[in-house]
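Residue strings, one per chain:
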Amino acid sequence: AATLLSANLGTRIVTIDWGSFDTHGGQLASQDPQLTVLGQALAAFQADLVARGVETRVSTLVFSEFGRRGGENASFGTDHGAGGPMMVLGSAVRGGLGGDVAPMNALDRGNLRVTTDFRSVYGALMGEWLGGDPGAILPGGPFPLARPGGASLML
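A brief look at the structure comes next. These figures come from a predicted structure and were not determined experimentally.

## Some points on the overall build of the protein chain
Alright, step 1. Check the secondary structure of the protein chain and you find four helices and four strands.
Alright, step 2. Its helices and strands in sequence order give the protein chain the pattern α-α-β-β-β-β-α-α, from N to C terminus.
Alright, step 3. Sorting the 155 residues of the protein chain into buried and exposed places 28% on the buried side.
Alright, step 4. Taking all contacts inside the protein chain whose residues are at least 6 apart in sequence as the whole, residues at least 24 apart take part in 63%.
Alright, step 5. With an accessible surface of roughly 9600 Å², the protein chain has 59% of that area assigned to carbon and sulfur atoms.

Okay, structure coming up:
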């Protein structure tokens, strides 16, 4: 991906599908090593972007296609649920937590309460990073920005 993004071909979006985080059982033993590898891969990717001199032109969004339930199931895993984390990283990304943490003591039928609509993150990246019109792509918006107080995701 770093090679492609540094080739100046006009590529704006690269997607990578990695891992199997669908851990309904034995989650601690399977997910912890995957998260370690993911962290190492993201650090190596960012270092590669820096070495190529393109780090200010790239932001990385990490997300899962499904959330997880708040409680552990009988096989020491978690089942599909409503809430899930997203990460945005890069040299031009303002650091910090961009939404409220879902309270574990106020589950909705076993689901975490969704505190940030994922479309607000997509919309912020489309508008702030890609310079597009989120309303043209995300129907039903505008969605509130992920940052408390409406602050930008980018520096």
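Having seen the model, we can carry on.
## Considerations on the pattern of salt bridges
Alright, step 1. Under the defined criterion, the tally for this structure stands at three salt bridges.
Alright, step 2. With a closest N to O distance of 2.8 Å, D48 and R52 form a salt bridge. Highlighted residues: D48 and R52, both in helix α2 (residues 27-52), separated by four residues, approximately one helical turn.
Alright, step 3. For D48, a relative accessible area of 28% translates into the label partly exposed.
Alright, step 4. Across the salt bridge formed by D117 and R119, the nearest N and O atoms sit 2.6 Å from each other.
Alright, step 5. Residue D117 is classed as partly exposed on the basis of its relative accessible area of 24%.
Alright, step 6. R119 gets classed as partly exposed once you look at its relative accessible area, which sits at 30%.

## Quick word on α2
Alright, step 1. End to end, α2 covers 37 Å across 26 residues, agreeing with the expected 38 Å (1.5 Å per residue, within 8%).
Alright, step 2. Buried residues of α2: Q27, Q31, Q34, L38, L42, F45, Q46 and L49, and no others.
Alright, step 3. G53 lies just past α2 and shows a positive phi near 75°.

## Describing the packing of aromatic side chains
Alright, step 1. Taken as a whole and judged by the stated rule, the model has three aromatic pairs.
Alright, step 2. Where F63 meets Y122, the ring centres are 6.0 Å apart and the plane angle is 75°; that geometry is what we call edge-to-face. One end of the pair, F63, is in strand β1 (residues 60-63); the other, Y122, is in helix α3 (residues 118-129), and 59 residues separate them in sequence.
Alright, step 3. Both rings, one in F118 and one in Y122, keep their centres 5.3 Å apart while their planes meet at 75°; by these two values the pair is edge-to-face. Placement of the pair is F118 and Y122 together in helix α3, with a separation of four residues, close to one helical turn.
Alright, step 4. Of the residues examined, F118 reaches a relative accessible area of 42% and is grouped as partly exposed.

## Considerations on the environment of S20
Alright, step 1. Mapped onto the elements, S20 comes out in the loop between α1 (2-6) and α2.
Alright, step 2. When the C-alpha positions of S20 and A51 are compared, they lie 29 Å apart, and in sequence the two are 31 residues distant.

Rules used throughout
Here the residue numbers are simple positions, counted from 1 along each chain's written sequence. Given that this is a predicted model, residues contribute local features only at a pLDDT of at least 70 and side-chain atom pairs are listed and counted only at 80 or more, while totals for whole chains, interfaces and linings are drawn from all residues. Calculation of side-chain values draws on the structure's entire complement of heavy atoms; hydrogens and water are dropped beforehand. Secondary structure follows DSSP: runs of H or I at least 4 residues long count as helices, runs of E at least 2 residues long count as strands, and numbering of each begins at the N terminus. To sort residues, take the accessible area from a 1.4 Å probe on protein chains only and compare it with the maximum for the residue type: under 20% means buried, over 50% means exposed, and anything in between is partly exposed. Whether two residues touch is decided by their heavy atoms; if any such pair falls within 4.5 Å, the residues are in contact. Method for areas: the Shrake-Rupley scheme with a 1.4 Å probe, in which residue coverage is limited to the protein chains shown. By convention in these notes, a salt bridge is any Lys or Arg side-chain nitrogen within 4 Å of a carboxyl oxygen on Asp or Glu. By definition here, a helix of n residues has an expected span of 1.5 Å times n minus one. In this analysis, rings of Phe, Tyr and Trp, with Trp reduced to its six-membered ring, are considered paired at centre separations within 6.5 Å, and the interplanar angle assigns stacked below 30 degrees, edge-to-face beyond 60, and tilted for intermediate values.

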